[in-house]
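If you want the building blocks of each chain, they are given just below.
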Amino acid sequence: MDGPYMRVEESGDVQPLKSEVTTVGRGEGADIRLSDPSVSQLHAELVRRGPYVYVVDLGLSRNGTRVNGRPIARRVLEEGDVLSFGSARCKIGGLPREELNPDVEVRRGTAPELTRRELDVLTSLCRPALSDEAFVSPATAREIAEDLVVTEAAVKQHLLRLYQKFRVPEGANRRTRLANEVVALGLVRPMPVLDRERKAS
């Protein structure tokens with residue numbers, strides 16, 4: 001097969017990677033569908049840049065993405081790397097053999113400065129996605145407003161400023177893209193189970 005591809009260990013299926021972005025997940029819309037229940041509906045992206053490919057964990061599954069057993073946020077891939085999406089394993093092939101530092105990661109930009117209230121909004125936005133095994137959409141403006149006991153209009157103003165700070169362009173799934181970026185930067189962490197149970201009781 002010409003060009004990079006991914007072989008699914010369980011089925012033996014060989015899937016060519018698209019020219020730009022290939023999505024991986026359990027959902028029907030994913031380019032490469034994995035049926036393992038530990039895989040999120042939209043779990044990761046494989047991005048091609050010239051002869052190189054890097055993997056991006058989308059940050060909305062507690063099971064995460066690993067390369068050769070190591071958890072990653074983004075990482076440049078080499079020939080033969082083993083990717084784990086939850087407990088589903090796949091192998092990368094068709095890449096040029098080149099000396100790359102195996103620890104090299106494509107670094108995200110540093111996080112912008114945030115006010116205390118903006119951090120509260122982000123925490124509330126990401127909470128649904130971080131508190132469940134499966135992919136869950138981030139909170140709506142109304143849900144954030146109820147959580148923080150403020151007006152929906154105030155939340156929308158905060159979200160607009162946050163889209164600008166994190167350079168999230170207009171378009172579909174804007175809240176999801178913001179949540180992905182925030183989780184990948186490590187600004188918001190999953191709530192410990194004890195905290196969730198205490199809040200629920």
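Residues numbered from 1 in each chain as written. Predicted model: local features only at pLDDT ≥ 70, side-chain atom pairs only at ≥ 80, totals over all residues. Heavy atoms only, no water.

A short note on the pattern of salt bridges
- Evaluation of the coordinates by the stated rule reveals nine salt bridges.
- Glu118 is the salt-bridge partner of Lys165, the closest N and O atoms lying 2.8 Å from each other. With Lys165 in helix H3 (residues 152–165) and Glu118 in helix H1 (residues 116–130), this residue pair connects regions lying 47 residues apart in the sequence. (Salt bridge = Lys/Arg side-chain N within 4 Å of Asp/Glu carboxyl O. Helix = DSSP H or I, 4+ residues; strand = E, 2+ residues; numbered from the N terminus.)

Re the sheet that holds strand S9 (residues 74–76)
- With mixed pairing, the five strands of this open sheet are ordered in space as S4-S3-S5-S6-S9. Either end of the sheet is taken by a strand with one partner, and the two such strands are strand S4 (32–33) and S9.
- Pairing of strand S5 (residues 44–49) with strand S6 (residues 52–57), which is carried by six bridges, proceeds in the antiparallel orientation. Bridge pairing links Arg49 to Tyr52 in S6. (Pairing = 2+ DSSP bridges.)

Regarding the packing of H3 against helix H4 (residues 174–184)
- Interhelical geometry of H3 versus H4 gives an angle of 60 degrees and a closest axis separation of 11 Å. By the angle between their directions, the pair H3 and H4 is classed as oblique. At the point where H3 passes H4, the crossing takes the left-handed sense. Mapping the contact onto sequence places Leu159, Leu160, Leu162 and Tyr163 in H3 and Arg174, Arg175 and Leu178 in H4. (Axes fitted to C-alpha atoms, helices over the stretch in contact; angles between N-to-C directions. Parallel < 35°, antiparallel > 145°, perpendicular 65-115°, else oblique. Left-handed = near helix turned anticlockwise from the far one by under 90°. Contact = heavy atoms within 4.5 Å.)

Function cannot be inferred from these measures alone, as they are strictly geometric.
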